[in-house]
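A look at the structure
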Amino acid sequence: MADAARTPAADRDRAPRVLVAADKFKGSLTATEVARHVTAGLRRAVPGLTVESVPVADGGDGTVAAALAAGFARHRARVTGPTGEPVTATFALREDGTAVVEMAEASGLQHLPEGRFAPLTATTYGTGELLRAALDAGATTLVLGVGGSATTDGGAGMLAALGARFLDAAGAPLAPGGGPLRDLATADLSGLDPRLARTEVVLASDVDNPLTGPKGAPAVYGPQKGANEQDVAALDAALAHYAKVLETAVGPRAAEHAAAPGAGAAGGIGYGALVGLGAAFRPGIDVMLEVLGFGPALARATFVVTGEGSLDAQTLHGKAPAGVAAAARAAGLEVAAVCGRLALPPEALGRAGIRRAYPLTDLEPDPARCMAEAGPLLERAAEALGRDFLL
């Protein structure tokens, strides 16, 4: 039985009510599936336990799925993939006009034909088309979740799809991708979709990199998209040139945004959103917890379970479990976590507000089998968690 002294007195006076707010286990389970298996395991330990679930995401892949699980309506659009091929992308729209748009749906690594990288030529044009589709569907607030991108074009493709013009010295439109930005001569944002001026745009990201430099988009994330050392140098120079041309077009704010946190998100699409869309940068998990209705659910809870596929050093830097745990701790609630693998020591978990973690690898050390059997293993882990904390 869990030590009663660990639980706030007010909570000991009411029946346990658990909030499951976990992210996906990438490659194994969606956030909704995680919640379902955790609930089943908890109820094995405590039959009849009241459990509420809010599947969460931090702005990266899985963000639209979390919004759909929260009751948003599903919308689909046919858009341009990162290398020019058509893809079908999904966005989520709520009745109040809030749309959740995930750039990876249009411009993500999963859309590279046969997995072939295109570091210099991949485009965010389809993300712009997806944003336009959301506006066409009635969106008045756009939450743009970024991550998992195949692109390093500074958001130029996105802006072009929304009406911006990027021309070379001969007055011809630039070819797609970050590499061709080296030839940019003039930029004209005056043709951007006028609806954007009356639309709130939120850039939801868990990274705070600037556009260029040692911590910029090409240097930090380019290799993940197939960029070699020469490609990284070329992309960094091209994006720096792009920012200079935009400074001529829109003024000093272009340079300010290039150095701002989040400008380097998802190959620099953060920069395009800040400069061209007037976006406000916010940590993705904070945005998504707000959008998904986490606050009211937290107010009803006496205990919280969070988690994701890998609890590691990245978790502590804006990932979903850290955001959930911080909010729960502020509300005076204890938090335990489930995960596929655990790469954090107990003291790091404690600093993050997580009392204990239950990794599936403790039950099945073989990684392939662990992923294949993640659902049943997660139920066993949640059952153990329930016995430890809820009896």
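Above this text sits the structure in question.
Residues numbered from 1 in each chain as written. Predicted model: local features only at pLDDT ≥ 70, side-chain atom pairs only at ≥ 80, totals over all residues. Heavy atoms only, no water.

1. Describing the side chain of Ser-205
Which entries qualify depends on this criterion: Going along the chain from the N terminus, every DSSP run of H or I of four or more residues is numbered as a helix, and every run of E of two or more is numbered as a strand. Each residue gets one of three labels from its accessible area relative to the maximum for its type: buried under 20%, exposed over 50%, partly exposed in between, using a 1.4 Å probe on protein chains only. The criterion used for residue contact is that any of the two residues' heavy atoms lie within 4.5 Å.
Along the chain, Ser-205 falls in strand 9 (residues 200-205). What makes Ser-205 buried here is its relative accessible area of 2%. When near neighbours in sequence (up to four residues on either side) are disregarded, Ser-205 contacts Val-146, Ala-265, Phe-281, Arg-282, Pro-283 and Gly-284.

2. A short note on the side chain of Glu-379
Structurally, the position occupied by Glu-379 is in helix 16 (residues 374-390). With relative accessibility at 14%, the residue Glu-379 sits in the buried group.

3. Considering the sheet that holds strand 9
Counted only if it meets this: One bridge is not enough; two strands pair if DSSP finds at least two bridges between them. Each axis is a line fitted through C-alpha atoms, and for a helix only the stretch in contact is used; angles between axes span 0 to 180 degrees, taken between their N-to-C directions.
Reading across the sheet, the six strands line up as 3-4-5-6-9-10 and stay open at both edges, with mixed pairing between neighbours. Looking at the sheet topology across the chains shown, the edges are occupied by strand 3 (73-80) and strand 10 (280-283). Within the sheet, the average angular offset between the axes of one strand and its neighbour, ignoring direction, is 30 degrees. Direction of pairing for strand 5 (residues 98-102) relative to strand 6 (residues 141-145): parallel, over a ladder of five bridges. Residue Glu-102 lies in a different strand from strand 6, and its bridge partner there is Gly-145. Packing against the sheet, helix 5 (residues 125-136) makes contact with strand 3, strand 4 (86-93), strand 5 and strand 6, and its axis sits at approximately 140 degrees to strand 3.

4. Here we look at the packing of aromatic side chains
Selection criterion: Note on ring pairs: Phe, Tyr and Trp rings are taken, using the six-membered ring of Trp, and paired if centres are within 6.5 Å. Classes follow the plane angle, with under 30 degrees stacked, over 60 edge-to-face and the rest tilted.
If you walk through the whole model with that rule in mind, you get three aromatic pairs. Ring geometry for Phe-303 against Phe-389: centres 5.3 Å apart, planes inclined by 40 degrees, an arrangement best described as tilted. With Phe-303 in strand 11 (residues 303-311) and Phe-389 in helix 16, this residue pair connects regions lying 86 residues apart in the sequence. The pair Phe-303 / Phe-389 is uniform in exposure class, with both members buried.

5. A closer look at the environment of Val-38
Structurally, Val-38 can be placed in helix 2 (residues 31-45). On the basis of relative accessibility, which here comes to 1%, the residue Val-38 falls in the buried class. The contacts of Val-38, once residues within four sequence positions are left out, are Val-20, Val-305, Val-338, Leu-378 and Ala-382.

6. Focus: the nonpolar core
Our working rule: Buried Ala, Val, Leu, Ile, Met, Phe, Trp, Tyr and Cys residues form a nonpolar core when they are joined through side-chain atoms within 4.5 Å.
With 56 residues, the main nonpolar core has Leu-142, Met-158, Phe-166, Tyr-242, Leu-246, Tyr-271 and Leu-277 as its most contacted residues. Here this core gets seven residues from one element, more than from any other, and that element is helix 10 (residues 265-276). Those residues in contact with Tyr-271 that lie beyond four places of it in its chain are Gly-154, Leu-211, Tyr-242, Ala-243, Leu-246, Ala-254, His-257, Ala-258, Gly-262, Ala-263 and Gly-276.

7. Section: the sheet that holds strand 12 (residues 335-342)
Hydrogen bonding along the main chain pairs the strands of a sheet, whether they run parallel or antiparallel. Pairing in this open sheet of five strands is parallel, and the strands run 2-1-11-12-13 from one edge to the other. A single partner strand is all that each edge strand has here, and the edge strands are strand 2 (50-53) and strand 13 (356-359). Between one strand and the next, the sheet's axes are offset by a mean angle of 25 degrees, whatever the strand orientation. When strand 11 meets strand 12, the two strands line up parallel, connected through seven bridges. Across the sheet, the residue bridging to Gly-307 is Val-338, located in strand 12. Helix 2 rests against strand 1 (17-20), strand 2, strand 11 and strand 12 of the sheet, and its axis sits at about 155 degrees to strand 1. Across the sheet, helix 13 (residues 320-330) touches strand 11 and strand 12, and the angle it forms with strand 11 is around 160 degrees.

8. A few points about the pattern of salt bridges
Here is the rule: By convention in these notes, a salt bridge is any Lys or Arg side-chain nitrogen within 4 Å of a carboxyl oxygen on Asp or Glu.
Scanning the model with the defined rule gives 22 salt bridges in all. Ionic pairing is found between Asp-23 and Lys-24, a salt bridge with its closest N-O pair at 3.7 Å. Since its relative accessible area comes to 3%, Asp-23 is described here as buried. On the basis of relative accessibility, which here comes to 18%, the residue Lys-24 falls in the buried class. Across the pair Arg-195 and Asp-136 runs a salt bridge whose closest N-O atoms are separated by 2.8 Å. Residue Arg-195 is found in the loop between strand 8 (186-188) and strand 9, and its partner Asp-136 is found in helix 5; the two are separated by 59 residues along the sequence.

9. Brief notes about unusual backbone geometry
Its identity as a non-glycine residue notwithstanding, Glu-114 has a phi of 55 degrees, on the positive side. Looking at the element boundaries, Glu-114 is found in the loop between helix 4 (103-107) and helix 5. Residue Glu-114 is classed as exposed on the basis of its relative accessible area of 73%. One non-glycine residue, Ala-266, adopts positive backbone phi at about 50 degrees. Among the secondary structure elements, Ala-266 is positioned in helix 10. According to the relative accessible area criterion, Ala-266 is buried, its value standing at 11%.

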